[in-house]
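Chain residues, written in single-letter form:
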Amino acid sequence: MPAKILDGKALAARLQAEMATQVQAWVTQVGRPPGLAVLRVGEDPASAAYVRGKERACERVGIASFGRHFSAQDSPAHLLDTIGQLNQDERVDGILVQLPLPPGWDPIPPLLAIDPGKDVDGLHPLNLGRLLRGEPGLRSCTPLGVMRLLQAEGIPIAGRKAVVVGRSILVGKPLSLMLLAADATVTLAHSRTPDLAEVTRAADIVVMAVGRPRLLRADMVKPGAVVIDVGINRIETPAGSEQLVGDVDYEAVKELAAAITPVPGGVGPMTVTMLLANTLESYKLRSQLSETWV
Ligand code: NAD
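This structure is a prediction, so every number in the text was calculated from the model and none was measured.

Cut-off values and rules
- Residues numbered from 1 in each chain as written.
- Predicted model: local features only at pLDDT ≥ 70, side-chain atom pairs only at ≥ 80, totals over all residues.
- Heavy atoms only, no water.
- Domains from an automatic or database assignment.
- Buried < 20%, exposed > 50% of the residue type's maximum accessible area, 1.4 Å probe, protein only.
- Helix = DSSP H or I, 4+ residues; strand = E, 2+ residues; numbered from the N terminus.
- Pairing = 2+ DSSP bridges.
- Core = buried A, V, L, I, M, F, W, Y, C linked by side-chain atoms within 4.5 Å.
- Contact = heavy atoms within 4.5 Å.
- Near = heavy atom within 4 Å.
- Polar contact = N/O pair within 3.5 Å; in protein donor to acceptor, adjacent residues only side chain to side chain.
- Areas by Shrake-Rupley, 256 points an atom, 1.4 Å probe, with all protein chains shown as cover.
- Expected span 1.5 Å × (residues − 1).
- Arc of directions from axis to C-beta.

> Please give an account of the domain arrangement of the protein that cites residues and values.
Considered domain by domain, the protein is made up of domain 1 (31–114) and domain 2 (141–268). Just the C-alpha atoms count here: the centres of domain 1 and domain 2 sit 29 Å apart.

> Summarise the pairing of strand β5 (residues 94–97); cite the residues concerned and give the values.
Every second residue of β5 is oriented toward a common face, with G94 and L96 on one face and I95 and V97 on the other, all of them buried. Here strand β2 (residues 35–41) pairs with β5 via 4 bridges, running parallel. Bridge pairing in β5 places A37 opposite I95.

> Tell me what's going on with the sheet that holds strand β12 (residues 259–260), and back it up with residues and numbers.
Strand order in the open sheet formed by 6 strands is β1-β12-β9-β8-β6-β7, and the pairing between neighbours is parallel. Among the strands making up the open sheet, the edge pair consists of β1 (4–5) and β7 (185–189). Sheet topology note: the strand β9 (residues 226–229)/β12 ladder contains 2 bridges and is parallel. From the neighbouring strand, V226 faces β12, where its bridge partner is A259.

> Got a sec to walk through the nonpolar core? Specific residues and values, please.
One recurring pattern in soluble globular proteins: nonpolar side chains tend to sit buried together. Grouped together as the largest cluster of nonpolar side chains are 46 residues, with contacts concentrated most on L150, L179, V226 and I228. Among the elements that line this core, the one with the most residues is helix α10 (residues 267–286), at 8 residues. Two domains share this core, each providing at least three of its residues, namely domain 1 (31–114) and domain 2 (141–268). Once you skip the residues sitting within four places of it in the chain, I228 turns out to touch L6, V146, L150, V206, V207, M208, T261 and V267. Grouped together as the second largest cluster of nonpolar side chains are 19 residues, A3, V248, V253 and A257 included.

> Tell me about the environment of V51, residues and numbers included.
By the element assignment, V51 lies in helix α2 (residues 45–61). In the structure, V51 is positioned 46 residues away from V97 in sequence and 9.9 Å away in space, judged by C-alpha atoms. Excluding residues that lie within four positions of it along the chain, V51 makes contacts with V38, R40 and Q98.

> Report on the site of the ligand, specifying residues and quantitative values.
For the ligand, the set of nearby residues contains 21 residues, the closest of which are R167, S168, V230, I232 and T271. S168 is positioned such that a nitrogen or oxygen atom in its side chain is 2.5 Å from an oxygen atom of the ligand. Residue T271 places a side-chain N or O atom 2.7 Å away from an oxygen atom belonging to the ligand. Compared with its free state, where it exposes 850 Å², the ligand has 73% of that area covered by protein.

> Tell me about helix α3 (residues 76–88), and please be specific about residues and values.
Counted at 1.5 Å a residue, the expected span for α3 with its 13 residues is 18 Å, and the 19 Å between its end C-alpha atoms agrees. Buried within α3 are the following residues: L79, T82, I83, L86 and N87. The buried residues of α3 occupy an angular sector of 145 degrees when the element is viewed end-on, so they sit on one face. Exposed residues on α3 whose side chains face more than 90 degrees from its buried face are Q85 and Q88. Packed against the buried residues of α3 are β2, β4 (68–70), β5 and α4 (108–113).

> Explain the environment of A182 to me, and be specific about the residues and the numbers.
Structurally, the position occupied by A182 is in the loop between α7 (172–181) and β7. Accessibility expressed as a relative area gives 22% for A182, which makes it partly exposed. A C-alpha to C-alpha distance of 37 Å links A182 and D44, two positions 138 residues apart in sequence. Once residues within four sequence positions are removed from consideration, A182 is found in contact with M147, I157 and A158.

> Explain helix α5 (residues 125–133) to me, and be specific about the residues and the numbers.
Those residues of α5 that sit buried are N127, L128 and L131. What you see down the axis of α5 is that its buried residues fit within an arc of 100 degrees, all on one side. Among the exposed residues of α5, those oriented more than 90 degrees off its buried face are L132 and R133. Residues of α5 that are buried make contact with α7. One or two residues past the end of α5 sits G134, with phi positive at roughly 75 degrees.

Next comes the structure, spelled out in structure tokens:
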């Protein structure tokens, strides 16, 4: 039986509509909208497109944008000063620096400069430490989006074998900790894993976060497994046009998996939605609408 398609785009739209309604009510109560500052450096076209997408999503739910754009010739000290000002700015609940930065810009100092309470990308060491310790706090958006998608679709996690392929600090590592916190038995595979197919075939839930087009083939998946594709790869079709594909051979794997995310329209829209959710969490805490992180 073909897999259930996990429609992240539809879920994201539903969650954003709920957020818009909540924000309207909170603005009356608090007297200001939630605020997010997305900081971009240089002219990378992909980064520019991601930032535009984030700002449009903010607009849809009623979050005010305080974004800044720095030229690649600007000084890293100026970026740090701006982060310092945004940390103090009461209108701003979330700050993120769009990665990658241009050559010569070290991403670590700006990351450390962000107030951990406004770190809506969940990448500050304090927030990563909270995740490791199993304490509430801001979580990184892509892994959080994967977890919300699994939960919303009623996919059981506890007691199941989950394999995450890819060990980046952005996706693979935090996601493996989140699955562990949800009581899965987790394996984290990577580029030096000798027999990837053997590892993935044992999984009830496979998450691909690598960045290699169609790396996960049908013969690497146990029939009935849940397959989550985080990968985003731009490939050229035989006709010479550009196509967006994930890390999963979608057409073949969907014939034997129990459930699968498409690319595009799976994890991507959930990532942006979790950025909004994190900004709202920070806003609620800072406006005393809630007492703790969720
Ligand atoms: P990364 O390059 O930082 O990490 C890739 C990981 O894949 C590494 O840990 C590496 O060990 C592993 N890897 C590389 N080749 C491998 C192989 N042949 N077999 C097994 N493992 C291998 O990438 P990242 O930032 O974690 O992103 C991964 C993918 O997810 C990319 O395609 C990226 O564009 C995409 N991504 C999507 C979203 C989203 O919102 N959907 C968000 C972030 C990243």
